[in-house]
Amino acid sequence: MKGSGSGIAKAGIGFGTALAITISWGANKSLLWAVIHGVLSWVYVVYYALVYHFR
C-alpha cells in the first residue's frame, strides 16, 4: 500500500493536539481554552505536566 499512513494524522489532528484539548477541558471546562490549548498542542501538554503534575 503505497502512501498509506495514520488515518488520524491525515484527518488533521495529532495526538498532542487531542491530548492538549482533553487536559484543557478537564482542567477548565472552557471551549475557548480547549481550542487555544489545542493550537498550542505539545507546548501546553509539557507546561501542564511541569506545573501541575509534578507539584
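What comes next is a walk through the structure.

## Considerations on the packing of helix H2 (residues 15-28) against helix H3 (residues 31-40)
In contact at an axis separation of 8 Å, H2 and H3 are set at 150° when each is read in the N-to-C sense. Regarding the angle of H2 to H3, the classification is roughly antiparallel. H2 and H3 meet at a crossing whose hand is right-handed. Residues Thr17, Ala20, Ile21, Ser24, Trp25 and Asn28 of H2 pack against Leu31, Trp33, Ala34, His37 and Gly38 of H3.

## With respect to unusual backbone geometry
At Lys29, a position not held by glycine, the phi torsion is positive, near 50°. Checked against the element boundaries, Lys29 lands in the loop between H2 and H3. With relative accessibility at 56%, the residue Lys29 sits in the exposed group. In this model, Ser41 sits at a positive phi of 50°, which is unusual for a non-glycine residue. With respect to the secondary-structure elements, Ser41 resides in the loop between H3 and helix H4 (42-53). A relative accessible area of 14% places Ser41 in the buried class.

## Digging into the side chain of Ser41
Of note is the side chain of Ser41, whose polar atom sits 3.3 Å from the backbone nitrogen of Thr17. Sequence-distant contacts of Ser41, that is, excluding residues within four places in its chain, are made with Gly16, Thr17 and Ala20.

## Section: the packing of aromatic side chains
Under the criterion given, the structure shown has five aromatic pairs. Their ring planes at 45° and their centres at 6.0 Å tell us that Phe15 and Trp42 sit as a pair that is tilted. Here the residue Phe15 occupies a position in helix H2, and Trp42 occupies one in helix H4, the gap between them amounting to 27 residues. We classify Phe15 as exposed; its relative accessible area is 60%. Looking at Trp42, the relative accessible area reads 45%, which means it is partly exposed. On the numbers, 6.0 Å between centres and 50° between planes, the contact of Tyr44 with Tyr48 is tilted.

What counts, and where the lines are drawn
- Chains are numbered independently. Their residues run from 1 in the order of the written sequence.
- Note on the predicted model: pLDDT of at least 70 is required for a residue's local features to be given, and 80 or more for side-chain atom pairs to be given and counted; whole-chain, interface and lining totals, by contrast, use all residues.
- Calculation of side-chain values draws on the structure's entire complement of heavy atoms; hydrogens and water are dropped beforehand.
- For helices, the fitted line uses only the C-alpha atoms of the stretch in contact; every axis is such a line through C-alpha atoms, and the angle between N-to-C directions lies from 0 to 180 degrees.
- Strands here are runs of E lasting at least two residues and helices are runs of H or I lasting at least four, both read from the DSSP assignment and numbered beginning at the N terminus.
- An angle below 35 degrees is read as roughly parallel, one above 145 as roughly antiparallel, one from 65 to 115 as roughly perpendicular, and any other as oblique.
- Crossing handedness: left-handed means the near helix sits turned counterclockwise from the far one by under a right angle, and right-handed means the same turn made clockwise.
- Only heavy atoms enter the contact rule, under which two residues are in contact if any of them lie within 4.5 Å.
- Accessibility here uses a 1.4 Å probe with only protein chains present; expressed as a share of the type maximum, an area under 20% marks a residue as buried, one over 50% as exposed, and anything in between as partly exposed.
- We call two N or O atoms a polar contact when they sit within 3.5 Å, provided that within protein one can donate a hydrogen and the other can accept it, with sequence-adjacent residues counted only if both atoms are side-chain atoms.
- For Phe, Tyr and Trp, where Trp contributes only its six-membered ring, two rings pair if their centres lie within 6.5 Å, and the inter-plane angle classes them as stacked under 30 degrees, edge-to-face over 60, or tilted in between.

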